[in-house]
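Here is how the chains run, residue by residue.
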Amino acid sequence: MQVGGSRVTVMGLGRFGGGVGVTRWLIDAGARVVVTDLDPASRLSASMTALEEEVTAGRVVLRLGGHDEADFRECDLVVVNPAVPQPWSNPFLRAAAAAGVPLTTEMRLLVERLDRRQVIGVTGTAGKSTTAAMIHRILVRCGRTAHLGGNIGGSLLTQLDRIGPEDQVVLELSSAMLYWLDEAVGFTGHAGWSPHTAVLTNLYENHLDWHETFAHYEQCKRVIFRHQQPGDHALIGPALEVVPAIPLAVPGAHNRANALLAAAAAARAAGLDPAEALDAVADFPGLSHRLQLVADRDGLRFYNDSKATTPQATCLAVDAFDDVSHVHLLAGGYDKKIDLSPIAELAPKLGGLYTVGATGRILAETAEGHAEYCETLEAAAEHALRRMSEGDVLLLSPGCASWDQFDNYEQRGDAFCAWVRSHARDD
C-alpha cells in the first residue's frame, strides 16, 4: 500500500507514544497526516512532546479529546491502533469503511515492506515476549544480524532502512495485531499475511473484553499460521509436563519451555545447530516485569511478575518455586471478563493470597476464606510482609491487566519495585 501524497488519519496517538513511530514514518513518506485520539491533550503530553517539531512545522495535525467522523470519511487511508477494541463495530471505522476508505495498522504497513522469509513471528497467551527476546538473543549470539519489534519494543517502521536483505526480524504479535493481518480485514483487497517462521507458545482464555469470545481470540491467534506457504515453519510450545531440565538462568518450567521453543525456532529460521542455539540462551537473564528478582534480603525474596496478566501466567509463576507454601501472592486488577478461578484454587496451597483492584473482591470471595482483599497494591504488599518469615517469597503476579489502577503493567511493576526498595529489610 503506497502512502506518499495520501491523506492519512492515524487513530490513536497513545499516552506512551504508540502512534508516534507510524506518524513519523508517514510524514517522511510524504503523507499528509491527521492524528486523532479520544484522550485530551492533558493526558498525551509525552506523545505530543515527541511530535512537537512535526506539529510546529505543520507536517501533522492533532485532533485530541475526541474523534471527528469527517477525519475517517475524508481521507485516503486510516491507520488503526490495534488497542481499539472490537474494531468491527467501532462507529468511526464503520464510517471509513462505508466511504470506501481502507483501514490498516502499523504492523501491516511494516510486514508489507519486509521479505516474509526474514520474519519470525511469535504469539501466545503467555511467554510470547520472553520467547521473542530469547530468539533475538540466540540469533545475535550466533552471529546473525537480527531486529526485535512488534508488541515488544518500538516501531520498526522507522528502522526499515537499517534492515538488510539477509537480516532476521523477530516480531512479537498480539491477537489484536494478528486480527488485522488476516485476509480482507481492513478492506476486501487486503491479502492475509503470516510469517515464514511462526511460533505459538500456548493458548488460553484471554482478552475477552476485546474479542468478546474465546473462539474469536483463538481464531485471531491462529492467523500466525493461516497464510503460511509450503516450506514455512510452524512451531507450537511443548507441554510443560514433558519439558526436560535444562540449564537456564531464569526459573520455572515455563521458561524452560520458552527456551526450547526459541532455540528450535531460531535453528529452523536461520539454519543453526539446535544445541548451539540452546546454549546461547542459557544465561538469558529474563525481562523486566517477568519473574524479575527485585531483592533478596534477610532471607526474603521479592519478585516482580507484573506482566502476568492472565490466570495461567500467574499459575506458571507460582509453579516456578519449589515450595509454594512459602509464596505470598499479590493478584487482581482490571477485569478482562475472564475466569480467575485458577488463581483462587491456588490460595489454600500458598503462604498467602492478597487481592487488589477491580477483581480483588470477587477473587477473594472465590478463594473462600483463603485470601484477603486489600484493595491497593501497597496495602497488599505491606500486609503480606507482616506475615512473611525467613525463606518466604513475595510475588507480584496479578493474573489481570493493570488498567484499573495503573496505566500499564510496567507502571504497576515499577510501583512494586519502588515499594520493595523502600520496605524490604537491608542485609
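About the cut-offs
Residues numbered from 1 in each chain as written. Predicted model: local features only at pLDDT ≥ 70, side-chain atom pairs only at ≥ 80, totals over all residues. Heavy atoms only, no water. Helix = DSSP H or I, 4+ residues; strand = E, 2+ residues; numbered from the N terminus. Expected span 1.5 Å × (residues − 1). Buried < 20%, exposed > 50% of the residue type's maximum accessible area, 1.4 Å probe, protein only. Polar contact = N/O pair within 3.5 Å; in protein donor to acceptor, adjacent residues only side chain to side chain. Contact = heavy atoms within 4.5 Å. Axes fitted to C-alpha atoms, helices over the stretch in contact; angles between N-to-C directions. Parallel < 35°, antiparallel > 145°, perpendicular 65-115°, else oblique. Left-handed = near helix turned anticlockwise from the far one by under 90°. Nonpolar A, V, L, I, M, F, W, Y, C, P; charged D, E, K, R; others polar. Pairing = 2+ DSSP bridges. Salt bridge = Lys/Arg side-chain N within 4 Å of Asp/Glu carboxyl O. Phe/Tyr/Trp six-rings, centres within 6.5 Å; stacked < 30°, edge-to-face > 60°. Disulfide = S-S within 2.5 Å.

**A word on helix α12 (residues 253–270)**
Piece 1. For α12, with 18 residues, the first-to-last C-alpha span of 26 Å sits near the 26 Å given by 1.5 Å per residue.
Piece 2. With 13 of its 18 residues buried, α12 lies for the most part within the structure.
Piece 3. Gly-271 sits one or two residues past α12 and shows a positive phi near 65°.

**Looking at the side chain of Thr-314**
Piece 1. Mapped onto the elements of the fold, Thr-314 is located in helix α14 (residues 311–319).
Piece 2. In this structure the side chain of Thr-314 is engaged in a polar contact, spanning 2.9 Å, whose partner is the backbone oxygen of Ser-397.
Piece 3. A distance of 3.0 Å separates a polar side-chain atom of Thr-314 from the backbone nitrogen of Gly-399.
Piece 4. Apart from residues lying up to four places away in sequence, Thr-314 is in contact with Ala-308, Leu-329, Ile-343, Ser-397, Pro-398 and Gly-399.

**Focus on the packing of helix α17 (residues 377–387) against helix α18 (residues 409–423)**
Piece 1. Running from N to C, α17 and α18 point in directions that differ by 40°, and their axes come no closer than 10 Å. Judged by the inter-axis angle, α17 sits oblique to α18. For the element pair α17 and α18, the recorded crossing hand is right-handed. On α18, the residues touching Leu-377, Glu-378, Ala-381, Glu-382 and Leu-385 of α17 are Arg-412, Phe-416, Trp-419 and His-423.
Piece 2. Counted by class, the contact of α17 with α18 contains five nonpolar, one polar and three charged residues.

**Structural notes on the sheet that holds strand β7 (residues 146–150)**
Piece 1. A sheet is described by the order of its strands in space; here five strands give the open sequence β7-β8-β6-β9-β10, paired in parallel fashion. The outermost strands of the open sheet, each flanked by one partner alone, are β7 and β10 (233–236). Here the average twist between neighbouring strands, direction ignored, is 15°.
Piece 2. Relative to strand β8 (residues 168–172), strand β6 (residues 119–123) is paired through four bridges, and the arrangement is parallel. Paired with Gly-121 across the strands is Leu-171, a residue of β8.

**A look at the pattern of salt bridges**
Piece 1. Inspection of the entire model under this criterion finds 17 salt bridges.
Piece 2. Linking Glu-54 and Arg-24 is a salt bridge whose minimum nitrogen-to-oxygen distance equals 3.5 Å. Here Arg-24 lies in helix α1 (residues 20–28) and Glu-54 lies in helix α3 (residues 52–56), a separation of 30 residues in the sequence.
Piece 3. Judged by relative accessible area, Glu-54 falls into the buried class, the value being 11%.
Piece 4. When its relative accessible area of 32% is taken as the criterion, Arg-24 is described as partly exposed.

**Re the environment of Ile-120**
Piece 1. Within the fold, Ile-120 resides in strand β6.
Piece 2. Along the sequence, Ile-120 and Ser-194 sit 74 residues apart, while their C-alpha atoms lie 9.5 Å from each other.
Piece 3. With residues up to four places along the chain from it excluded, the contact list for Ile-120 reads Ile-135, Leu-139, Gln-168, Val-169, Val-170, Leu-171, Pro-195, Thr-197, Val-199 and Ala-269.

**What to know about the packing of aromatic side chains**
Piece 1. In total, this model carries eight aromatic pairs according to the counting rule given.
Piece 2. When the centroid spacing of 5.5 Å and the interplanar angle of 35° are considered together, the rings of Phe-72 and Phe-92 count as tilted. Here the residue Phe-72 occupies a position in helix α4 (residues 69–73), and Phe-92 occupies one in helix α5 (residues 91–98), the gap between them amounting to 20 residues.
Piece 3. On the basis of relative accessible area, Phe-72 is assigned to the buried category, the value being 0%.
Piece 4. With centroids separated by 5.0 Å and ring planes inclined at 65°, the aromatic side chains of Tyr-334 and Trp-403 adopt a geometry described as edge-to-face.

**Points about the side chain of Asn-255**
Piece 1. Looking at where Asn-255 falls in the secondary structure, it is placed in helix α12.
Piece 2. At a separation of 2.8 Å, a polar atom in the side chain of Asn-255 contacts the main-chain carbonyl oxygen of Pro-251.

**Focus on the state of the cysteines**
Piece 1. Following the criterion strictly, the structure yields zero disulfides and no others.
Piece 2. With no disulfide partner, Cys-374 has as its closest neighbouring cysteine sulfur the one in Cys-400, 15 Å distant.
Piece 3. Of all cysteine sulfurs in the structure, the one in Cys-400 sits closest to Cys-417, which takes part in no disulfide; the separation is 19 Å.
Piece 4. Given a relative accessible area of 4%, Cys-417 falls into the buried group.

**Points about helix α7 (residues 128–141)**
Piece 1. Its 14 residues place the ends of α7 20 Å apart at the C-alpha level, agreeing with the 20 Å of an ideal helix rising 1.5 Å per residue.
Piece 2. Those residues of α7 that sit buried are Lys-128, Ser-129, Thr-130, Thr-131, Ala-132, Ala-133, Met-134, Ile-135, Ile-138 and Leu-139.
Piece 3. Just beyond α7, the residue with positive phi is Gly-143, at close to 90°.

**A short note on the pairing of strand β11 (residues 292–297)**
Piece 1. Sheet analysis places β11 next to strand β12 (residues 300–304), joined by five bridges and oriented antiparallel. Counted as the bridge partner of Asp-296 is Arg-301 from β12.
Piece 2. The turn linking β11 back onto β12 is made up of two residues, and Asp-298 within it adopts a positive phi angle of 50°.

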